[in-house]
Amino acid sequence: MSIASNLESIEKRLKGTGCRLVAVSKTKPVSVIMEAYRTGFSRFGENRVQELTEKYRSLPKDIEWHMIGHLQTNKVKMIASFVSMIHAVDSLKLANEINKQAAKYERSIPCLLQVHIAEEESKFGFEQESLVEMITTGNFDRFSRLKIAGLMGMATFTEDKELIRGEFRKLKQLFEQIKSLHTPPNFDIKELSMGMSNDFEIAIEEGSTLIRIGSSIFGARN
Ligand SMILES: *Cc1c(COP(=O)(O)O)cnc(C)c1O
(Lines give C-alpha, C1' and ligand atoms only; values in the text may rest on other atoms or scores of the structure.)
Protein backbone atom coordinates (compact mmCIF):
# COMPACT_ATOMS: atom_id res chain seq x y z
CA MET A 1 0.00 0.00 0.00
CA SER A 2 1.18 3.53 -0.77
CA ILE A 3 1.30 6.43 1.67
CA ALA A 4 -1.36 8.19 -0.39
CA SER A 5 -3.79 5.29 -0.22
CA ASN A 6 -3.13 4.72 3.50
CA LEU A 7 -3.89 8.39 4.20
CA GLU A 8 -6.95 8.26 2.02
CA SER A 9 -8.46 5.26 3.79
CA ILE A 10 -7.92 6.80 7.25
CA GLU A 11 -9.39 10.14 6.13
CA LYS A 12 -12.35 8.27 4.71
CA ARG A 13 -12.88 6.51 8.04
CA LEU A 14 -12.75 9.87 9.86
CA LYS A 15 -15.32 11.57 7.67
CA GLY A 16 -18.21 12.83 9.77
CA THR A 17 -16.65 11.74 13.09
CA GLY A 18 -15.20 15.10 14.16
CA CYS A 19 -11.88 13.33 14.66
CA ARG A 20 -8.73 14.46 12.81
CA LEU A 21 -5.52 12.69 11.93
CA VAL A 22 -2.00 13.56 13.06
CA ALA A 23 0.37 11.61 10.79
CA VAL A 24 3.30 10.54 12.96
CA SER A 25 6.38 10.96 10.78
CA LYS A 26 9.08 10.28 13.40
CA THR A 27 12.19 8.53 12.01
CA LYS A 28 10.89 9.02 8.45
CA PRO A 29 12.91 11.21 6.08
CA VAL A 30 11.79 14.54 4.66
CA SER A 31 11.16 12.93 1.27
CA VAL A 32 8.54 10.65 2.80
CA ILE A 33 6.79 13.56 4.51
CA MET A 34 6.81 15.41 1.19
CA GLU A 35 5.10 12.44 -0.41
CA ALA A 36 2.25 12.77 2.09
CA TYR A 37 2.25 16.58 1.82
CA ARG A 38 1.80 16.42 -1.95
CA THR A 39 -1.47 14.55 -1.48
CA GLY A 40 -2.76 17.64 0.35
CA PHE A 41 -2.05 16.46 3.89
CA SER A 42 -0.27 18.86 6.25
CA ARG A 43 -0.59 17.78 9.89
CA PHE A 44 2.41 15.85 11.18
CA GLY A 45 3.57 14.61 14.58
CA GLU A 46 7.11 14.12 15.88
CA ASN A 47 8.43 13.00 19.24
CA ARG A 48 12.01 14.28 19.20
CA VAL A 49 12.84 17.96 19.37
CA GLN A 50 16.02 17.82 17.28
CA GLU A 51 14.31 15.90 14.50
CA LEU A 52 11.22 18.10 14.61
CA THR A 53 13.34 21.26 14.35
CA GLU A 54 15.31 19.96 11.39
CA LYS A 55 12.16 18.90 9.56
CA TYR A 56 10.47 22.22 10.30
CA ARG A 57 13.44 24.04 8.75
CA SER A 58 13.51 22.06 5.55
CA LEU A 59 9.81 21.53 4.85
CA PRO A 60 6.98 23.85 3.67
CA LYS A 61 5.97 26.42 6.26
CA ASP A 62 2.26 25.70 6.11
CA ILE A 63 2.78 22.32 7.80
CA GLU A 64 1.12 22.02 11.21
CA TRP A 65 3.69 20.40 13.54
CA HIS A 66 2.52 18.48 16.59
CA MET A 67 5.00 17.58 19.32
CA ILE A 68 3.52 14.29 20.55
CA GLY A 69 6.19 12.77 22.78
CA HIS A 70 7.72 13.54 26.15
CA LEU A 71 9.21 17.03 26.05
CA GLN A 72 12.19 17.98 28.19
CA THR A 73 11.96 21.40 29.77
CA ASN A 74 15.33 22.55 28.43
CA LYS A 75 14.24 21.86 24.83
CA VAL A 76 11.02 23.85 24.77
CA LYS A 77 12.86 26.90 23.46
CA MET A 78 13.79 25.06 20.25
CA ILE A 79 10.17 24.58 19.15
CA ALA A 80 8.26 27.36 20.89
CA SER A 81 8.21 29.69 17.87
CA PHE A 82 6.52 27.30 15.46
CA VAL A 83 4.91 24.27 17.12
CA SER A 84 1.15 23.99 16.51
CA MET A 85 0.33 21.80 19.47
CA ILE A 86 2.20 20.15 22.35
CA HIS A 87 0.39 16.90 23.20
CA ALA A 88 2.25 15.73 26.26
CA VAL A 89 2.34 18.40 28.95
CA ASP A 90 2.96 16.17 31.94
CA SER A 91 4.18 18.47 34.70
CA LEU A 92 3.72 21.98 36.05
CA LYS A 93 7.43 22.55 35.52
CA LEU A 94 7.03 21.89 31.79
CA ALA A 95 3.89 24.04 31.60
CA ASN A 96 5.79 26.87 33.26
CA GLU A 97 8.63 26.67 30.74
CA ILE A 98 6.22 26.56 27.77
CA ASN A 99 4.52 29.63 29.23
CA LYS A 100 7.85 31.44 29.48
CA GLN A 101 8.99 30.55 25.96
CA ALA A 102 5.60 31.36 24.41
CA ALA A 103 5.79 34.81 25.98
CA LYS A 104 9.14 35.41 24.26
CA TYR A 105 7.46 34.89 20.91
CA GLU A 106 4.32 36.76 21.97
CA ARG A 107 2.19 33.78 21.11
CA SER A 108 -0.02 31.33 22.87
CA ILE A 109 0.69 27.62 22.41
CA PRO A 110 -2.10 25.03 22.22
CA CYS A 111 -1.30 22.26 24.72
CA LEU A 112 -2.83 19.01 25.90
CA LEU A 113 -2.40 17.63 29.40
CA GLN A 114 -1.09 14.08 29.28
CA VAL A 115 -2.93 11.69 31.55
CA HIS A 116 -1.57 8.34 32.67
CA ILE A 117 -4.27 5.82 31.73
CA ALA A 118 -2.31 2.63 30.97
CA GLU A 119 -1.66 -0.23 33.34
CA GLU A 120 2.06 0.00 32.68
CA GLU A 121 4.00 2.07 35.16
CA SER A 122 5.03 5.38 33.66
CA LYS A 123 6.71 8.42 35.03
CA PHE A 124 4.93 10.52 32.41
CA GLY A 125 1.46 11.97 32.66
CA PHE A 126 -0.76 13.34 35.40
CA GLU A 127 -2.67 10.81 37.45
CA GLN A 128 -6.39 10.73 36.66
CA GLU A 129 -7.29 11.02 40.31
CA SER A 130 -5.35 14.22 40.93
CA LEU A 131 -5.84 16.27 37.76
CA VAL A 132 -9.29 17.69 38.53
CA GLU A 133 -8.16 18.86 41.93
CA MET A 134 -5.01 20.39 40.47
CA ILE A 135 -7.13 22.36 38.02
CA THR A 136 -9.79 23.48 40.48
CA THR A 137 -7.20 24.62 43.00
CA GLY A 138 -5.68 26.91 40.38
CA ASN A 139 -2.40 25.18 39.56
CA PHE A 140 -2.70 26.06 35.86
CA ASP A 141 -4.16 29.55 36.19
CA ARG A 142 -0.92 31.45 35.82
CA PHE A 143 0.02 29.85 32.50
CA SER A 144 -1.71 32.52 30.45
CA ARG A 145 0.36 31.72 27.34
CA LEU A 146 -0.84 28.13 27.22
CA LYS A 147 -4.09 27.39 25.49
CA ILE A 148 -5.04 24.24 27.36
CA ALA A 149 -7.07 22.55 24.65
CA GLY A 150 -7.68 19.11 26.09
CA LEU A 151 -6.20 15.80 27.16
CA MET A 152 -3.91 13.17 25.69
CA GLY A 153 -3.47 9.57 26.73
CA MET A 154 -1.88 6.30 25.68
CA ALA A 155 -3.63 3.01 26.38
CA THR A 156 -1.89 -0.13 27.58
CA PHE A 157 0.05 -1.92 24.84
CA THR A 158 -2.00 -5.09 24.67
CA GLU A 159 -4.18 -7.28 22.47
CA ASP A 160 -6.96 -6.95 25.04
CA LYS A 161 -9.39 -4.65 23.25
CA GLU A 162 -11.73 -4.32 26.19
CA LEU A 163 -8.90 -3.15 28.43
CA ILE A 164 -7.99 -0.51 25.84
CA ARG A 165 -11.63 0.53 25.47
CA GLY A 166 -12.04 0.89 29.22
CA GLU A 167 -8.95 3.10 29.45
CA PHE A 168 -10.09 5.35 26.60
CA ARG A 169 -13.56 5.55 28.11
CA LYS A 170 -12.16 6.71 31.44
CA LEU A 171 -10.10 9.37 29.70
CA LYS A 172 -13.19 10.57 27.85
CA GLN A 173 -15.07 10.80 31.15
CA LEU A 174 -12.27 12.85 32.67
CA PHE A 175 -12.31 15.05 29.56
CA GLU A 176 -16.06 15.67 29.97
CA GLN A 177 -15.63 16.36 33.67
CA ILE A 178 -12.86 18.91 33.06
CA LYS A 179 -14.87 20.49 30.26
CA SER A 180 -17.72 21.07 32.70
CA LEU A 181 -15.51 22.74 35.34
CA HIS A 182 -15.39 26.47 35.76
CA THR A 183 -11.93 26.97 34.31
CA PRO A 184 -9.84 30.10 33.68
CA PRO A 185 -9.64 31.73 30.21
CA ASN A 186 -6.51 29.78 29.24
CA PHE A 187 -8.64 26.62 29.18
CA ASP A 188 -10.60 25.75 26.06
CA ILE A 189 -11.17 22.01 26.41
CA LYS A 190 -12.15 20.48 23.09
CA GLU A 191 -9.45 18.02 21.99
CA LEU A 192 -9.03 14.43 23.11
CA SER A 193 -5.82 12.98 21.65
CA MET A 194 -6.02 9.20 21.83
CA GLY A 195 -5.53 6.34 19.42
CA MET A 196 -2.46 5.02 17.57
CA SER A 197 -2.03 2.45 14.78
CA ASN A 198 -3.06 -0.53 16.87
CA ASP A 199 -6.01 1.03 18.69
CA PHE A 200 -7.34 4.00 16.73
CA GLU A 201 -10.58 2.29 15.74
CA ILE A 202 -11.49 1.87 19.43
CA ALA A 203 -10.34 5.43 20.16
CA ILE A 204 -12.64 6.88 17.48
CA GLU A 205 -15.56 4.89 18.88
CA GLU A 206 -14.78 6.25 22.34
CA GLY A 207 -14.72 9.89 21.26
CA SER A 208 -11.18 10.75 20.18
CA THR A 209 -10.76 14.05 18.32
CA LEU A 210 -7.10 13.53 17.34
CA ILE A 211 -5.63 10.16 16.43
CA ARG A 212 -1.84 9.90 16.16
CA ILE A 213 -0.91 7.34 13.53
CA GLY A 214 2.55 6.44 12.29
CA SER A 215 3.22 2.88 11.18
CA SER A 216 -0.19 2.31 9.56
CA ILE A 217 0.59 5.18 7.20
CA PHE A 218 4.35 5.10 6.68
CA GLY A 219 5.13 1.47 7.45
CA ALA A 220 7.09 -0.01 10.32
CA ARG A 221 9.93 1.98 11.86
CA ASN A 222 13.43 0.57 12.27
C1 LIG B 1 5.11 6.85 17.82
C2 LIG B 1 3.93 7.44 18.48
C3 LIG B 1 2.64 7.31 17.92
C4 LIG B 1 2.36 6.54 16.65
O5 LIG B 1 2.58 5.18 16.83
P6 LIG B 1 2.16 4.10 15.70
O7 LIG B 1 1.98 2.86 16.47
O8 LIG B 1 3.30 4.03 14.75
O9 LIG B 1 0.91 4.58 15.06
C10 LIG B 1 1.59 7.93 18.58
N11 LIG B 1 1.77 8.62 19.72
C12 LIG B 1 2.98 8.77 20.29
C13 LIG B 1 3.10 9.55 21.54
C14 LIG B 1 4.10 8.19 19.70
O15 LIG B 1 5.30 8.34 20.27
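Structural data are supplied above this passage.
### Comments concerning the overall build of the chain
So, step 1. Looking only at helices and strands, the chain features nine helices and nine strands.
So, step 2. Scaling as 2.2 N^0.38, a compact globule of 222 residues should have a C-alpha radius of gyration of about 17 Å, and the chain matches this with 17 Å.
So, step 3. Overall size of the chain, expressed as C-alpha extent along the three principal axes, is 50 × 45 × 30 Å.
So, step 4. Scored against the burial criterion, the 222 residues of the chain give a buried share of 52%.
So, step 5. Looking at the chain alone, contacts between residues at least 24 apart form 59% of all its contacts between residues at least 6 apart.
So, step 6. In the structure as shown, the chain presents an accessible area of about 10700 Å², 49% of it carried by carbon and sulfur atoms.

### Details of the site of the ligand
So, step 1. In the region of the ligand, 13 residues are neighbours, and Lys26, Ser197, Gly214, Ser215 and Arg221 sit closest.
So, step 2. Arg221 places a polar side-chain atom, nitrogen or oxygen, 2.8 Å from an oxygen atom of the ligand.
So, step 3. A total of 390 Å² of accessible area belongs to the ligand in isolation, and the protein chains cover 90% of it.
So, step 4. Here the shell around the ligand is built from residues that sort into six nonpolar, four polar and three charged.

### Thoughts on the side chain of Glu97
So, step 1. Mapped onto the secondary structure, Glu97 falls in helix H5 (residues 92-104).
So, step 2. For Glu97, a relative accessible area of 13% corresponds to the buried category.
So, step 3. A distance of 2.8 Å separates the side chain of Glu97 from the side chain of Gln101, its partner in a polar contact.
So, step 4. If near-sequence neighbours (up to four positions away) are discounted, Glu97 is found in contact with Thr73 and Val76.

### Focus on helix H7 (residues 161-179)
So, step 1. The end-to-end C-alpha separation of H7 is 27 Å, in line with the 27 Å expected for 19 residues at 1.5 Å each.
So, step 2. Looking only at H7, the buried set comprises Ile164, Arg165, Glu167, Phe168, Leu171, Leu174, Phe175 and Ile178.
So, step 3. Put simply, Asp160 is the residue that caps the front of H7, since its side-chain oxygen is 3.2 Å from the backbone nitrogen of Glu162.

### Focus: the environment of Ile68
So, step 1. Within the secondary structure, Ile68 is located in the loop between strand S3 (64-67) and helix H4 (76-79).
So, step 2. On the accessibility criterion, Ile68 (9% relative accessible area) is buried.
So, step 3. For the pair Ile68 and Ala88, spaced 20 residues apart in sequence, the C-alpha to C-alpha distance is 6.0 Å.
So, step 4. Discounting chain neighbours no more than four positions away, the residues touching Ile68 are Val24, Gly45, Glu46, Asn47, His87, Ala88, Met152 and Arg212.

### Section: the environment of Lys75
So, step 1. Note that Lys75 resides in the loop between S3 and H4.
So, step 2. Between the C-alpha atom of Lys75 and that of Ile98, which follows or precedes it by 23 residues, the distance is 9.8 Å.

### A closer look at the pattern of salt bridges
So, step 1. Tallied over the full model, the rule gives twelve salt bridges.
So, step 2. Across the pair Lys55 and Glu46 runs a salt bridge whose closest N-O atoms are separated by 2.8 Å. Glu46 carries the same exposure label as Lys55, and that label is buried.
So, step 3. Note that Glu162 and Arg165 form a salt bridge whose closest N and O atoms lie 3.8 Å from each other. Taken together, the positions of Glu162 and Arg165, both in helix H7 and three residues apart, correspond to about one turn of that helix.
So, step 4. The class of Glu162 is exposed, set by a relative accessible area of 54%.
So, step 5. Salt bridges here are not isolated pairs; linked through shared partners, they connect Glu162, Arg165, Arg169, Glu205 and Glu206.

The rules behind these values
- Residues numbered from 1 in each chain as written.
- Predicted model: local features only at pLDDT ≥ 70, side-chain atom pairs only at ≥ 80, totals over all residues.
- Heavy atoms only, no water.
- Helix = DSSP H or I, 4+ residues; strand = E, 2+ residues; numbered from the N terminus.
- Rg over C-alpha atoms; globule rule 2.2 N^0.38 Å.
- Buried < 20%, exposed > 50% of the residue type's maximum accessible area, 1.4 Å probe, protein only.
- Contact = heavy atoms within 4.5 Å.
- Areas by Shrake-Rupley, 256 points an atom, 1.4 Å probe, with all protein chains shown as cover.
- Near = heavy atom within 4 Å.
- Polar contact = N/O pair within 3.5 Å; in protein donor to acceptor, adjacent residues only side chain to side chain.
- Nonpolar A, V, L, I, M, F, W, Y, C, P; charged D, E, K, R; others polar.
- Expected span 1.5 Å × (residues − 1).
- Salt bridge = Lys/Arg side-chain N within 4 Å of Asp/Glu carboxyl O.

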